[in-house]
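# Results of the structural survey
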Amino acid sequence: MKALKIIGIVLLILVALFFIIAIFLPKSVFMQKSIVIDKPASLIFKQVNNYQNWSAWSPWEANDPDMVSHYEGPAMGVGAKTIWTSAKHGDGSMTITESIPYKRVASSLDFGQNGEAFNYFEFEESDEGTLVTWGVDVPDMGYPGGRYIALLMPGMMEPFFNEGLNRLKEVTESMPEPPALQLAQMPEMNVISIMDSCSWSDLNLKMAELFGELAGFMKTNRLEHAGYPMSCYYKWDEENQFTVFENCIPVNKEVSGRGRVQFRTMPGVLAVMGTHFGAYDETMYMYVAMDEFVSEFGLETVG
């Protein structure tokens, strides 16, 4: 009986120590790792700001091929949500709460009964490339058992951080360089223009015809170029591959139109601008990039 009593006292002391020590252990965990990627921040940002791109580099999906994910909300940016089930890593969800284009993406994680966490990526460009910093903050590890897990978590998580960042580097550095885009304030300008329509297959010939006619009008009316020729699209029918467009040439003075050549003043607008070198029929990638830019910055197309 005396031995059992001693064993009971020892066990009681150990249990008491377990709870007492837990009081002094960290109740939260913060971890972050960084890597330099030799690509623009805009390209790397896209891989993080859209959860459907995570499958290419996520260390957890690589570690558990049987993980099942589905997505809710917008495809990218604030409100985008991924929900997963995993026998190895548990079930949970993640929602983007902050999206600052090419600078930062932050998310909240919900692990159900296992608590919540916060996740962020930050991007900083330099001459060497883009410094990508990945951080995770678990604000409440729970008392008492979570306090002990908090001691082990940084060591357990570090291999996943390293693998994820290295996979993100490998994936993005294998991608083609994205077009450099910027917001630009386009000034008000006087233009001569012709509006027409045609099938996509005839667009090059039709544009050559219209710009040729505009050039002849300029010569007849002794006009000078006041900017680059441009095209405004009023209809772009994907199904029928048909477009309605207006070819314009900025000119140095007002003039009366004649026939289908019209004169008008185009208002100043805020525009997304990029530069393409090469054939006209190879420009579609630029329009796709511009559409993504508009979405990422929360802009609205108004013309």
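To be clear, the structure that these remarks concern was listed above.
This write-up is about the structure you can find in this document. Each chain has its residues counted from 1, following the order in which its sequence is written. Local features in this predicted model are restricted to residues of pLDDT 70 or higher, and side-chain atom pairs are both shown and tallied only at a pLDDT of 80 or more, whereas totals for entire chains, interfaces and linings draw on every residue. In computing side-chain values, all of the structure's heavy atoms are included and hydrogens and water are not.

## Regarding the overall build of the protein
Just so we agree on the cut-off: The helix count covers DSSP runs of H or I at least four residues long, the strand count covers runs of E at least two residues long, and both are numbered beginning at the N terminus. Note on classification: 1.4 Å probe, protein chains only; a residue is buried when its accessible area is under 20% of the maximum for its type, exposed when over 50%, partly exposed between these limits. What makes two residues a contact is simply this: any of their non-hydrogen atoms within 4.5 Å.
Looking only at helices and strands, the protein features six helices and 13 strands. Relative to its full complement of 303 residues, the protein shows a buried share of 35%. Counting only contacts in the protein whose residues sit at least 6 apart along the sequence, the fraction spanning at least 24 positions is 63%.

## Here's the deal with the side chain of Thr 82
On the secondary structure map, Thr 82 appears in strand β3 (residues 81-85). Beyond its immediate sequence surroundings of up to four residues, Thr 82 is in contact with Tyr 51, Ser 69, His 70, Tyr 71, Gly 92, Ser 93 and Met 94.

## Quick notes on the sheet that holds strand β12 (residues 262-266)
Using the following cut-off: Strands qualify as paired when DSSP identifies two bridges or more between them. Working convention: axes come from line fits to C-alpha atoms, limited for helices to the stretch in contact. Angles between N-to-C directions cover 0 to 180 degrees.
Taken in spatial order, the four strands line up as β10-β11-β9-β12 in an open sheet, and their pairing is antiparallel. With one partner strand each, in any of the chains shown, β10 (230-237) and β12 form the two edges of the open sheet. When strand polarity is set aside, the average angle formed by the axes of neighbouring strands in this sheet is 35°. Of the pairings in the sheet, the one linking strand β9 (residues 189-199) to β12 comprises five bridges and is antiparallel in character. Among the inter-strand pairings, Met 189 is bridged to a residue of β12, identified as Met 266. Running over the sheet, helix α5 (residues 203-220) touches β9, β10 and β11 (242-250) and is turned about 30° from β11.

## Concerning the environment of Val 138
Looking at where Val 138 falls in the secondary structure, it is placed in strand β7 (residues 129-138). For Val 138 and Gly 115, which are 23 residues apart along the polypeptide, the C-alpha to C-alpha distance reads 8.6 Å.

## Things to note about the pairing of strand β6 (residues 116-126)
Of the pairings in the sheet, the one linking strand β5 (residues 104-110) to β6 comprises seven bridges and is antiparallel in character. Residue pairing for β6: Arg 104 is matched across the bridge by Glu 122. The hairpin formed by β6 and β7 contains two residues between the paired strands.

## Focus on the pattern of salt bridges
Rules: Within this document, salt bridges are pairs made up of a side-chain nitrogen of Lys or Arg and a carboxyl oxygen of Asp or Glu, the two lying within 4 Å of each other.
Tallying each qualifying case throughout the model produces 13 salt bridges. Salt-bridge contacts for Lys 39 lead to Glu 177; the nearest nitrogen and oxygen are separated by 3.0 Å. On the criterion of sequence distance, the pair formed by Lys 39 in the loop between β1 (29-37) and α2 (41-49) and Glu 177 in the loop between α4 (145-173) and β8 (181-186) is long-range, its members being 138 residues apart. Accessibility expressed as a relative area gives 11% for Lys 39, which makes it buried. For Glu 177, a relative accessible area of 54% translates into the label exposed. Of the charged contacts in the structure, one is a salt bridge between Glu 296 and Lys 46, with a shortest N-O distance of 2.7 Å. Here Glu 296 is found in helix α6 (residues 284-296), whereas its partner Lys 46 is found in helix α2, with 250 residues between them in sequence.

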